[in-house]
Amino acid sequence: IVAGPDLARVPAANGAFEEAIAHLHKATAASLSIRNYDCAAWAQLRLLILLFVASGPEAVGPLLSHTRTNAARSGDPKVLTALHVHVPEMEAKRGLLVSAEKQIGLALKLLDSNPNTWLLAMAEQNRANLSCLKLDFRGGIVHAERASKLSDQSGWAVGAATSAATLGNLYLFTGRFEEAASCCSRALDLMSEGGDNFSGTLETLARIRLMLGQIDE
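Attention in this report is confined to the structure presented alongside it. (Residues numbered from 1 in each chain as written. Predicted model: local features only at pLDDT ≥ 70, side-chain atom pairs only at ≥ 80, totals over all residues. Heavy atoms only, no water.)

### Let's talk about the environment of K26
So, point 1. Considering the arrangement of structural elements, one finds K26 in helix α2 (residues 17–33).
So, point 2. Residue K26 is classed as exposed on the basis of its relative accessible area, which comes to 62%.
So, point 3. In this structure the C-alpha to C-alpha distance between K26 and A40, which are 14 residues apart in sequence, comes to 9.9 Å. (Helix = DSSP H or I, 4+ residues; strand = E, 2+ residues; numbered from the N terminus. Buried < 20%, exposed > 50% of the residue type's maximum accessible area, 1.4 Å probe, protein only.)

Take a look at the structure:
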């Protein structure tokens, strides 16, 4: 049953969303057939993220409701926290910043009583993103720096790359160009070539090098 979400990782990373979604649907159905709400909620959570990326917010409404139900049924605080950590990213992309902040607050309350470094890193990254959207760059730096440290502590490579790229942009916005270049370089070292995040970070680094007069680097 747990193989479904695991099998979905490679196709999802390669952009084969339909294949990944099929694996997650199978994992959800198999888990629910034996009332394993924990595994079902994890599979649905990953499915939620993929559907949002592939098809937009309109595609995730009913699934979000089902995921919340199964997360509650599981009784696992880690699953509930993960739900409250991931939903803000979707809410923020829809412009629902107040709702996103509320979800992060719920996640942080759960993390107070059930600490998890990986989920806390995600929460801090979301707080950094929200700060960027509100043009609170200094606040964003605080959260992104926390996310970076927590990602390293938890061994979350994707988070380390994301927080480094976020810090690169935030340092750029606040005039800390050398630090911005260093963070972008670190992010690129951690990212796979060819993706949108890699291309965007490479473009940011090029812009910083131009501003510093380092056009040959």
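### Concerning helix α3 (residues 37–55)
So, point 1. Between the first and last C-alpha of α3 there are 25 Å, a value that for 19 residues agrees with the 27 Å anticipated at 1.5 Å per step.
So, point 2. Regarding α3, the residues found buried are C39, A40, A41, W42, A43, Q44, L45, L47, L48, L50, L51 and F52.
So, point 3. Positive backbone phi, at 95 degrees, marks G56, one or two positions downstream of α3. (Expected span 1.5 Å × (residues − 1).)

### What to know about unusual backbone geometry
So, point 1. The phi angle at R35 is positive, at roughly 60 degrees, despite the residue not being glycine.
So, point 2. Its place among the elements puts R35 in the loop between α2 and α3.
So, point 3. One non-glycine residue, L135, adopts positive backbone phi at about 65 degrees.
So, point 4. Residue position: L135 is located in the loop between α7 (117–133) and α8 (137–154).
So, point 5. With a relative accessible area of 63%, L135 lands in the exposed category.

### Things to note about the packing of aromatic side chains
So, point 1. Taken as a whole and assessed by the stated rule, the structure comprises two aromatic pairs.
So, point 2. Ring plane angle 25 degrees and centroid distance 6.4 Å describe the contact between W42 and W118, whose orientation is recorded as stacked. Taken together, the residues span a long stretch of sequence, with W42 in helix α3 and W118 in helix α7 at a distance of 76 residues.
So, point 3. W118 gets classed as partly exposed once you look at its relative accessible area, which sits at 27%.
So, point 4. On the numbers, 4.9 Å between centres and 40 degrees between planes, the contact of F137 with F173 is tilted. Remark: F173 occurs in helix α9 (residues 157–173) and F137 occurs in helix α8; sequence separation between them is 36 residues.
So, point 5. Judged by its relative accessible area of 21%, F137 falls in the partly exposed class. (Phe/Tyr/Trp six-rings, centres within 6.5 Å; stacked < 30°, edge-to-face > 60°.)

### As for helix α10 (residues 177–190)
So, point 1. The terminal C-alpha atoms of α10 lie 20 Å apart, and with 14 residues this matches the ideal 20 Å at 1.5 Å per residue to within 8%.
So, point 2. Where α10 is concerned, the buried positions are A180, A181, C183, C184, A187 and L188. Taken around the axis of α10, the buried residues stretch over an arc of 165 degrees, which confines them to a single face. Away from its buried face, by an angle of more than 90 degrees, α10 presents the exposed residues E178 and D189.
So, point 3. As for α10, its buried residues are in contact with α9 and α11 (196–211). (Arc of directions from axis to C-beta. Contact = heavy atoms within 4.5 Å.)

### Side note on the packing of helix α5 (residues 77–93) against α7
So, point 1. Contact geometry of α5 with α7 gives a least axis separation of 10 Å together with a crossing angle of 20 degrees. Relative to α7, the element α5 lies roughly parallel. Viewed along their axes, α5 and α7 form a crossing whose handedness is left-handed. Between α5 and α7, the residues in contact are K78, T81, A82, V85, H86, P88, E89 and A92 and W118, L119, M122, A123, N126, L130 and L133, respectively.
So, point 2. Within the contact of α5 with α7, the residues separate by chemical class into ten nonpolar, three polar and two charged. (Axes fitted to C-alpha atoms, helices over the stretch in contact; angles between N-to-C directions. Parallel < 35°, antiparallel > 145°, perpendicular 65-115°, else oblique. Left-handed = near helix turned anticlockwise from the far one by under 90°. Nonpolar A, V, L, I, M, F, W, Y, C, P; charged D, E, K, R; others polar.)

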